[in-house]
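Reading the structure
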Amino acid sequence: MGIPFWKCVTALTMFLVLSFHIVNVHGLAVMSVDIGSEWMKVAIVSPGVPMEIALNKESKRKTPTAIAFRNGERTFGEDALTVGVRFPSNCYIYFLDLLGKKIDNPIVDLYKKRFPYYNIIPDPKRNTVLFKHNESNDQFSPEELVAMMLEKAREFAQDSAGQAINEAVISVPGYFGQAERTAMLKAAEIAGIKVLQLINSYTAAALNYGIFRTKSFNETSPMYMMFYDMGAYGTQVSVVSYQLIKSKDRIAPELQPHLAVLGVGYERNLGGLEIQLRLRDYLAAKFNDLKLTPNDVTKNSRSMAKLFKEAGRLKNVLSANTEHFAQIEGLIDEKDMRIKVTREELEELCKDLFDKVVLPAQRALEASGLTIELIEQVMLSGAGTRVPKVQDRLVKDLKSNQPLGRSLNTDEAAALGAAYKAADLSNGFKVKAFITKDATLFPIQVTFDKEVIDENKPAKQVKRILFGHMNPYPQRKIITFNKHQQDFDFTVGYAELSHLHENEVKCLGSLQLSNIKLNGVRDAYTKYQGQEGIDTKGIKAHFAMDDSGLLILQNVELLIEKTVTADTEEESTLSKIGNTISNLFKGPEEVLKDEKPVHEAPEEGPIPQASNNTSNNTDTNDQTNSTEQLKLNDTVPISDSKKNLKVVTVKETIDVNHEYLFVLPAQDDDLQSSINKITELKEIDLAKSRKETSLNNLETAIIETREKLEQPDYASSATDIETQSILNKCSEISNWLEDDGFGAEADILDSKFDDLKKIVLPVWERTFEHAERPSRLDALNSALNSSNSFLEKIKNTTLEDTPFTQVEIDTLEKLISEITIWKDKQVEEQGKLPKSVDPVLTVQTIAIKHSSIEREMRYLMTKFTSWKPKKKEDLKVKAPTSQTDNEKDKIPEEQDNDTTTKNNAQDDEVEKPTVDEPSSTVNDNAESESPLQTDKPKPIVEPTKTEKISKSPHDLKEDISSWISSALVICIIQIAFRLF
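To continue, consider the packing of aromatic side chains. In the structure shown here, the tally under the stated rule is 31 aromatic pairs. On the numbers, 5.1 Å between centres and 85° between planes, the contact of Phe-448 with Phe-481 is edge-to-face. Of the two residues, Phe-448 sits in strand β20 (residues 444-449) while Phe-481 sits in strand β23 (residues 475-481), which places them 33 residues apart along the sequence. A single burial state applies to Phe-448 and to Phe-481, both of which are buried. Centroid distance Phe-481 to Phe-488: 5.1 Å. Interplanar angle 65°. Geometry classified as edge-to-face. In this structure, Phe-481 and Phe-488 share a single accessibility class: buried. The lysine or arginine in question, Lys-62, covers the ring of Trp-39, its NZ or CZ lying 4.3 Å from the ring centre. We note Arg-302 situated over the ring of Phe-87; from NZ or CZ to the ring centre the distance is 5.4 Å.

In structure tokens, the structure reads:
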């Protein structure tokens, strides 16, 4: 007999619903990394721990972005900066902005000028930056250094979350182009981290601001905010809007908060680093003017590193004080420096920098098309905004009606916002939807040659904007080539960048991003040439700007509409049901694709077309940058009069040869070499950490052993021979450590620790036994006393008034007697032994005896608490014939006797229960009444409360079946609502 169709659908639905909810609870945690030029912050989201900053090894909330190599050891953060003061060329700092840069980039030239002690060489294959380590001749690319920092960030996150973490959202500066973003993703790949998304730092900060203020947003009028972020390297300003927008759920739409970046402005070299460098040079000039030594301090790299560190400290102090002394001991030639610096001097040094403070904000307002009067508030972010002069210039030059906002955590806002995005993108968490739309900072265009008709005339070059300036992303665009029927190529690159300074355009590197060559175009056209009912729609190139701001060419295809005769045969009922079920489990995109006609606009709303005109002039019929949503395999009815004809959309995939023109990170063998290099360094660090732990454990054990043997409790637990042996072993290991031990491997150190532990462990165990025994004996005596009191009360009560049997009472009495005799005997024997001998009365045996008496008492008390005494007046018996008073009195007595007898028999045969079973009393009473019911009419007994609420197995089965059916129906309806 076949299985009904509806049962198959139900079973399949239940399986899918359960599958969607099964997750790996041991790998739910995700992290965010806000890796800046100077500091790195890490945030985590794990089960039970909403957004939290992960602390580093020093229990600090941020870590310097610094890596040092010295004597074969690698250090990070504060330890690396300590190495950098003495050996500047061994500590790498501020390397983030070297990602994706060629050796001739202006940013690389500026980096060499700022830090002249680094040995920077070109990569022989990619012509990018390589740091050559003078000590070991090792070479490190910026991608590898960033990968090391990301690996350290994951270590902090895993220590805080207590579980493995492999997924992350990484924040990057908004002015990172395609090359820098690709390099960041490659660095994460080297570190073995799956990047859920690259998010712009100002977008992450705006998201962190918005998630706690959704109640202040409304559906009608957006709220505009400006976020001013001055970091260590550069300054970024963004204008964003917050608004509530209805979701696309057709059944139950809800209002969701929406964040859109409207305008962005930035200054790449306006930040705390430039202020610190100017202070460093100012202090160096002041020191040289003192003529304390004939040597120039600026020629000494170690002295300049000391001045750089002191300048950073001085900058922070002058933000809160009007004057301070810069002090360095032994700056050069053992000469000390002590120079007084005032805030006025600092502001005079950086006057031109402070004049630029308002420029990024003005550019952001101009890009957004808003005025300062429409801005709700200017919110400060980034450590550079703590400088008083920066705040003063913003208030003076922006002329905002509202005071500057300081409620945002300037250090952690981006990290926490990125953590929320990570939780949203992760499969292990469900957070309230907060839609974010970023903006394209550098417009992208497509350049191609118009198809040549007359070979004697030069080809005309056509440019079409693909993603305009401040276009929102993520989004998809389609460019259509209608007249190209031969193989051709086109170029994708940055469009007009007139809104940027000339030097900033050079910092972007190559303005051409990729060259795309299409092969097989002619063959695709030839395949359908000459066929009737064919209408070619041209070559469609599908582009996408993803959430990370990366441009992706998804596919290229030839689109053809073919008119064919429709099949007039009606679909069978089973086929319709099958199609309905299959549509139920389709993704949202597939459902929309099957529903919408070919030329309908996307559901997301019209994409701004102000600068993105998709049609050419009359000289060229190529249509480009079309925003139509293609629906392949759709059928569109032609007319009512031709119901037997339909139009089928067919696509032919075109081969694409994609050549990248910007700086690509390491690939293939070079990538694997970088991964191997990072893995080897990690193994070295782990070996070093293990050795340090083993050495620390051994040294601690030696010190603690000697100290304990001086204490009376430990000394009395050891014989003279044992004491001398332990002390000799400690001296032996100490001498070995001074000679060869500090260079020994972790395995040898662990073996020495085990040798010492083997000797001292018996003494420590005896000491523990002597110290712990009195309290354990007191607990045992207390349990025996309580048990004796309980036993005496039972003996003074008749068995009919208790739930206990004679066997249970005898068992308790026997157990108390045995334990008491054993205890007295063992205590007497133990008292005769000296403390230096292994005890006969151990803590473990006392615990076993204590556990046995407690187990017996727990059983009896459980039985007592579940027992319900019988009350004669509760049994209302209705007999058809009258009975004498003697007979009425006799019935309860016989019932009680029978009940007692049956309980005794059951207690002898069945194991003692360890859980409360309230229903056993009712069953026993019911069975005990059966002898009285053989020759007499059945008495009518009122049911107890337990009996009234109980259900038969059949009723329970029906309830469970009904519940399961309801749950399945609800699951199917919910899935259908979500999909349709």
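A word on the confidence of the model for the protein. Atomic detail in the predicted coordinates should be set aside for any region of low pLDDT. Confidence along the protein averages 81 in pLDDT terms, with 77% of residues attaining 70 or more. A low-confidence stretch, residues 1-26 (pLDDT under 50), is modelled with 14 contacts involving residues beyond four sequence positions or located in other chains.

Before going further, it helps to examine the pattern of salt bridges. Summed over the entire model, instances satisfying the criterion amount to 38 salt bridges. We note a salt bridge from Lys-101 to Glu-180, for which the minimum N-O separation is 2.8 Å. Within this pair, whereas Lys-101 is found in the loop between β7 (91-93) and α3 (106-114), its partner Glu-180 is found in helix α5 (residues 178-191), the two being separated by 79 residues in sequence. A salt bridge links Asp-824 to Lys-823; its shortest N-O distance comes to 3.7 Å. On the basis of relative accessible area, Lys-823 is assigned to the buried category, the value being 13%. Within this structure, Lys-57, Lys-152, Glu-155 and Asp-159 form a network of salt bridges that share partners.

Glancing now at the side chain of Arg-268. Within the secondary structure, Arg-268 sits in the loop between β15 (255-267) and α7 (272-289). Among the polar contacts made by the side chain of Arg-268, one reaches the side chain of Glu-504 at a distance of 2.6 Å. Excluding anything up to four places from it in sequence, Arg-268 contacts Asp-97, Lys-101, Ile-107, Tyr-175, Tyr-233, Gly-234, Glu-504 and Cys-507.

A word on the sheet that holds strand β30 (residues 655-660). With respect to topology, five strands assemble into an open sheet ordered β21-β20-β24-β25-β30, the strand pairing being antiparallel. The sheet terminates laterally at β21 (461-467) and β30, the two strands that pair on one side only. Strand-to-strand twist of the sheet, defined as the mean angle between neighbouring strand axes without regard to direction, takes the value 25°. In this structure, strand β25 (residues 512-519) lies alongside β30, joined through six bridges in antiparallel fashion.

How each quantity is defined
- Residues numbered from 1 in each chain as written.
- Predicted model: local features only at pLDDT ≥ 70, side-chain atom pairs only at ≥ 80, totals over all residues.
- Heavy atoms only, no water.
- Phe/Tyr/Trp six-rings, centres within 6.5 Å; stacked < 30°, edge-to-face > 60°.
- Helix = DSSP H or I, 4+ residues; strand = E, 2+ residues; numbered from the N terminus.
- Buried < 20%, exposed > 50% of the residue type's maximum accessible area, 1.4 Å probe, protein only.
- Lys NZ or Arg CZ within 6 Å of the ring centre and 35° of its normal.
- pLDDT = per-residue confidence, 0-100.
- Contact = heavy atoms within 4.5 Å.
- Salt bridge = Lys/Arg side-chain N within 4 Å of Asp/Glu carboxyl O.
- Polar contact = N/O pair within 3.5 Å; in protein donor to acceptor, adjacent residues only side chain to side chain.
- Pairing = 2+ DSSP bridges.
- Axes fitted to C-alpha atoms, helices over the stretch in contact; angles between N-to-C directions.

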